[in-house]
Amino acid sequence: MIAHPFVKINLGLDVLRKRDDGFHDIDTVFIPYHGISDTLEIVEADAGSSTVLSLQARYRASEGQIVQAVSDDAKVMMTIARADGVDWNPLDDLTVRAYRLLEEDFPLGPVKIFLEKTSPVGAGLGGGSSDAAFALKMLDDIFGLDLDREALAGYAARLGSDCAFFLYDRPMSGQGRGEILSEYELPEDFYDRFEIKVVVPEGVAVSTADAYKGIVPSVPDTPLLSRLSLPVEQWKDCIVNAFETTVFRKYPLLADVKRSLYDTEAVYASMSGSGSAFFAVYRK
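Definitions and cut-offs
Residues numbered from 1 in each chain as written. Predicted model: local features only at pLDDT ≥ 70, side-chain atom pairs only at ≥ 80, totals over all residues. Heavy atoms only, no water. Helix = DSSP H or I, 4+ residues; strand = E, 2+ residues; numbered from the N terminus. Expected span 1.5 Å × (residues − 1). Buried < 20%, exposed > 50% of the residue type's maximum accessible area, 1.4 Å probe, protein only. Arc of directions from axis to C-beta. Phe/Tyr/Trp six-rings, centres within 6.5 Å; stacked < 30°, edge-to-face > 60°. Lys NZ or Arg CZ within 6 Å of the ring centre and 35° of its normal.

(A) A look at helix α9 (residues 252–263). With 12 residues, α9 should reach 16 Å at 1.5 Å per residue; the first-to-last C-alpha distance of 17 Å fits that figure. Those residues of α9 that fall on the buried side of the exposure criterion are L254, A255, V257, K258, L261 and Y262. Along the axis of α9, the buried positions cluster into a sector of 155°, meaning they face one direction only. Facing away from the buried side of α9 by more than 90 degrees, the exposed set consists of P252 and D263.

(B) Structural view of the packing of aromatic side chains. Scanning all chains against the criterion turns up 11 aromatic pairs. Note on F6 and F134: the rings are 5.7 Å apart at their centroids and 85° apart in plane angle, and the pair reads as edge-to-face. Taken together, the residues span a long stretch of sequence, with F6 in strand β2 (residues 6–18) and F134 in helix α3 (residues 127–142) at a distance of 128 residues. Like F134, F6 is buried. Plain terms: the ring middles of W235 and Y268 are 6.0 Å apart, the flat faces sit at 85° to each other, and that makes the pair edge-to-face. Highlighted residues: W235 in the loop between α7 (224–228) and α8 (243–250) and Y268 in strand β11 (residues 268–271), separated in sequence by 33 residues. Here the two residues W235 and Y268 agree in accessibility, since each one is buried. Through pairs of rings, three or more aromatic residues link up here, namely F190, Y191, F194, W235, Y268 and F279. It is K236 that lies over the ring of Y262; its NZ or CZ is 4.3 Å from the centre.

Don't take any of this as a statement about function, it's just geometry.
The structure is reproduced here in structure tokens:
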């Protein structure tokens, strides 16, 4: 089974308060973005792979572009390919964690997982969370677990704050840690009038933990959804990403990237998540 996990952007991101569990309550709108995606294949251990030969042809194991590991219990063989190299243990990948999470409740058989990682790491686009959410759905199908989306969302929320969003292929409002989701509608003619472009600065990866350092939670006078009801042309003055304050301080280059997007006549531009990626809304 093969899937193509997409990424997301955050349309507004308010950090409201710090919680007793160490996390923060946020208010944001997640928008799916299909211009960047990974390729994920999961098969039962005795099945053949459709992707492994092409991965081996395109990536170099000697340069760390393709890595493979087998778990001690031989239940998971994980292969990851990435042009910039893979600097994490394949068995720590969120897709493997998704398998282990379901295995706590269901008798899963052994699997082989193949991931071509083309979405950027440390960019605030949620690529890893998307991989995990898709892995949950694929394992549900492969092993006939018959989990509904609400049950899958419960597992996804345990893997990452934004993970559950990727079970939906539509805009969603996110509260709590980002796992409390409700439907959100962009303006009816949004995609007729505007297009979204994503920019990923080279050589800058931002950790979410670093982005939270120094941030001052604040509840805006006007809720995000009320501000988003204003004309798109007014978003520049009232829709913010709270992480920009701390991230721009550490990475001044990113503030320059945002300014450059407005220089190219973007109607609205913002960092996504905790950065470093940006998106811009342009008139068609």
